[in-house]
Amino acid sequence: MSQRVVNFCAGPAVLPEAVLSEAQRDLMSLPGVGMSILEISHRSTWADAIFEEAESNLRELLAIPANYRVLFLQGGAQLQFSMIPINFLAGGTADYIVTGTWGAKAIKEAEKEGTPRLAWDGRGDNCVRVPRDEELELTEDARYLYYTSNETIQGVQFASEPGFESHGTTSRVPLVCDVSSDFLSRPIDVSRYGLLYACAQKNAGPAGLTIVIVSDELLERRRDGLHSMLDYRRHAEAGSRLNTPPMFAIYVFMLVTRWIRDEMGGLAELTRFNRDKAQLLYDALDAHADFYSTHADAASRSTMNVTFRTETAELDAKFLQQASEQGLEQLKGHRSVGGMRASIYNAMPQAGVEALRDFLVDFAGRESGT
Ligand SMILES: *Cc1c(COP(=O)(O)O)cnc(C)c1O
């Protein structure tokens, strides 16, 4: 096999090697089918079986209640920035919590469909933390409360649902969440949400697939007369096959759900694995706090995207150069934040994180010693 580097890319991101090998094998011929996954009809019984297993594995992993639909859509996470207000805002108001770049983009799209309000805005503070519940300004008649569980660019993550105790039950204001970059990294209590969604290419598969989980109750509230492809109800009624779905991406997603269940021991086990990996890096960064700083406040640090920097842009560039020479790739922070970002999703092995930890300790020793 060709040499693989340690890939810290934020997305599309590293996939489990076992999944890649299986997909490679099946690219020529699906077992028992004699055709490639790229060549089969989405109306075939083989496609039915892939859809069914992908959905049932996901339902099992997240314990999704029976009164929720699972949709496999296209258009990426960003189409959801529009579909959510198109279906549910309809000229009304909704509350948005902005803790980073993706939430900021989402509210901008919602403004085209109604009058969303900022329940909390982290931008004044450079998006370094999530709000406390008592800081939220929530509206009684909001159609939904929207937030981003993990801001991929800033590396800022919610530990639990915002405002849930005081406000966000699905019987009152439905909670809507972009879980793109921490999907399947930890359990979620789906019953607390009206809708949650994730593009696959961070933690769950290749680009081209977006998974939406939506309650029947919220689906009932969607606006009438929508274009079919923008209408959640139509997608649900058509079993996510209103048009040709991305079968390959759904297939790889199915393999990833199997891998989580069979190889990683399920979500509880995976949560510990992810927490431990993140802790390795944060401990090393904190131990060299005179040399590195993290972008996120300690209490809001992400277990998926570790954002940090040295004291100067020159040293950051040197860090990235030397890391790359050791096969530690894609560590450059997003241009809007700068510094470094290590994305350590489910498929990032412990050994990859340890290699980065060793490198950053060595680098600090070398550079602060001179
Ligand atoms: C990557 C990402 C997006 C954008 O995803 P696309 O599929 O490229 O539209 C949106 N939200 C979050 C949290 C992300 O990490």
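The structure presented is a predicted model; accordingly, all values stated were derived computationally and were not measured. (Residues numbered from 1 in each chain as written. Predicted model: local features only at pLDDT ≥ 70, side-chain atom pairs only at ≥ 80, totals over all residues. Heavy atoms only, no water.)

Colleague: Summarise unusual backbone geometry; cite the residues concerned and give the values.
Modeller: Of note, the amide linkage connecting Gly11 to Pro12 takes the cis form, showing an omega dihedral of -5 degrees. Mapped onto the fold, Pro12 is located in the loop between strand 1 (6–7) and helix 1 (17–28). One non-glycine residue with positive phi stands out, namely Cys127, at about 55 degrees. Structurally, Cys127 can be placed in the loop between strand 4 (117–121) and strand 5 (145–148). For Cys127, a relative accessible area of 5% puts it in the buried group. Notably, Ser240 is not glycine yet its phi reads approximately 60 degrees, a positive angle. Take Ser240: it is sitting in the loop between helix 6 (232–237) and helix 7 (247–262). (Helix = DSSP H or I, 4+ residues; strand = E, 2+ residues; numbered from the N terminus. Buried < 20%, exposed > 50% of the residue type's maximum accessible area, 1.4 Å probe, protein only.)

Colleague: Explain the pairing of strand 3 (residues 95–98) residue by residue, including any values.
Modeller: Every second residue of strand 3 is oriented toward a common face, with Asp95 and Ile97 on one face and Tyr96 and Val98 on the other, all of them buried. Of the strand pairs in this sheet, strand 3 and strand 4 are connected by four bridges, and their pairing is parallel. By the bridge assignment, Val98 is partnered in strand 4 with Asp121. Tracing the backbone out of strand 3, into helix 4 (residues 101–110) and back to the parallel element strand 4 gives a crossover that is right-handed. (Pairing = 2+ DSSP bridges. Right-handed = clockwise from strand over helix to strand, strands pointing away.)

Colleague: So what about the site of the ligand? Which residues, and what values?
Modeller: Neighbouring residues of the ligand: 14 residues in total, closest Ala77, Gln78, Thr152, Asp178 and Lys202. In the environment of the ligand, an oxygen atom lies 2.9 Å from a nitrogen or oxygen atom belonging to the backbone of Ala77. A distance of 2.9 Å separates an oxygen atom of the ligand from a polar atom in the backbone of Gln78. If one sorts the elements of the shell around the ligand by residue count, helix 3 (residues 76–88) sits on top with four residues. (Near = heavy atom within 4 Å. Polar contact = N/O pair within 3.5 Å; in protein donor to acceptor, adjacent residues only side chain to side chain.)

Colleague: How would you summarise the sheet that holds strand 12 (residues 305–309) if you had to cite specific residues and measurements?
Modeller: Read across the sheet, three strands follow the order 11-12-14 without closing on themselves; strand pairing throughout is antiparallel. Strand pairing shows two members of the sheet lacking a second neighbour, strand 11 (293–294) and strand 14 (340–343), which therefore form its edges. Where strand 12 meets strand 14, four bridges bridge the pair, whose relative direction is antiparallel. The partner of Thr307 across the bridge, within strand 14, is Arg341.

Colleague: Please provide a residue-by-residue account of the nonpolar core, values included.
Modeller: Counting 61 residues, the largest nonpolar core has Leu58, Leu62, Phe183, Leu184, Ile211, Ile213 and Phe253 as its most contacted members. The element best represented in this core is helix 7, accounting for eleven residues. Ile211 has contacts with Leu58, Val70, Leu71, Phe72, Phe183, Leu196, Tyr197, Ala198, Ala200 and Phe253, leaving out every residue within four places of it along the chain. (Core = buried A, V, L, I, M, F, W, Y, C linked by side-chain atoms within 4.5 Å. Contact = heavy atoms within 4.5 Å.)

Colleague: So, the domain arrangement of the protein: which residues are in play, and what are the values?
Modeller: Accessible area lost during the coming together of the parts is what is often quoted as the interface size. Entries for the protein in the domain assignment read domain 1 (18–262) and domain 2 (266–368). The C-alpha-based centres of domain 1 and domain 2 are spaced at 27 Å. Taken together, the 27 residues of domain 1 in the interface contact 22 residues of domain 2. Three residues, Val128, Ile153 and Gln157, lead the burial of domain 1 against domain 2; their summed loss comes to 26% of the area buried on that side. For the interface between domain 1 and domain 2, the tally reads 15 residue pairs in polar contact (both at pLDDT 80 or more). Put simply, the parts of the chain that give the side of domain 1 that touches domain 2 at least two residues each are helix 2 (45–62), strand 7 (156–157) and helix 7. (Domains from an automatic or database assignment. Buried area = accessible area lost by both parts, 1.4 Å probe.)

Colleague: Could you give an account of the sheet that holds strand 4, naming the residues involved and the relevant values?
Modeller: In spatial order, the strands read 2-10-9-8-5-3-4; together these seven strands make up an open sheet with mixed pairing. The open sheet terminates on both sides in strands that have one partner only, identified here as strand 2 (68–73) and strand 4. Strand-to-strand twist of the sheet, defined as the mean angle between neighbouring strand axes without regard to direction, takes the value 15 degrees. (Axes fitted to C-alpha atoms, helices over the stretch in contact; angles between N-to-C directions.)

Colleague: If you had to explain the packing of aromatic side chains to someone new, which residues and values would you point to?
Modeller: Applying the stated criterion to the full structure yields 15 aromatic pairs. An angle of 90 degrees between the planes, with centres 6.1 Å apart, marks the rings of Tyr292 and Phe319 as edge-to-face. In this pair, Tyr292 sits in the loop between helix 8 (266–287) and strand 11 while Phe319 sits in helix 9 (residues 313–325), placing the two residues 27 residues apart along the sequence. Per residue, the accessibility class of Tyr292 equals that of Phe319, and both read buried. Joined through ring pairs, the aromatic side chains of Phe291, Tyr292, Phe308, Phe319, Phe359 and Phe363 make up one cluster. When the ring centre of Phe51 is taken as origin, the NZ or CZ atom of Arg241, which lies over that ring, is 4.0 Å away. (Phe/Tyr/Trp six-rings, centres within 6.5 Å; stacked < 30°, edge-to-face > 60°. Lys NZ or Arg CZ within 6 Å of the ring centre and 35° of its normal.)

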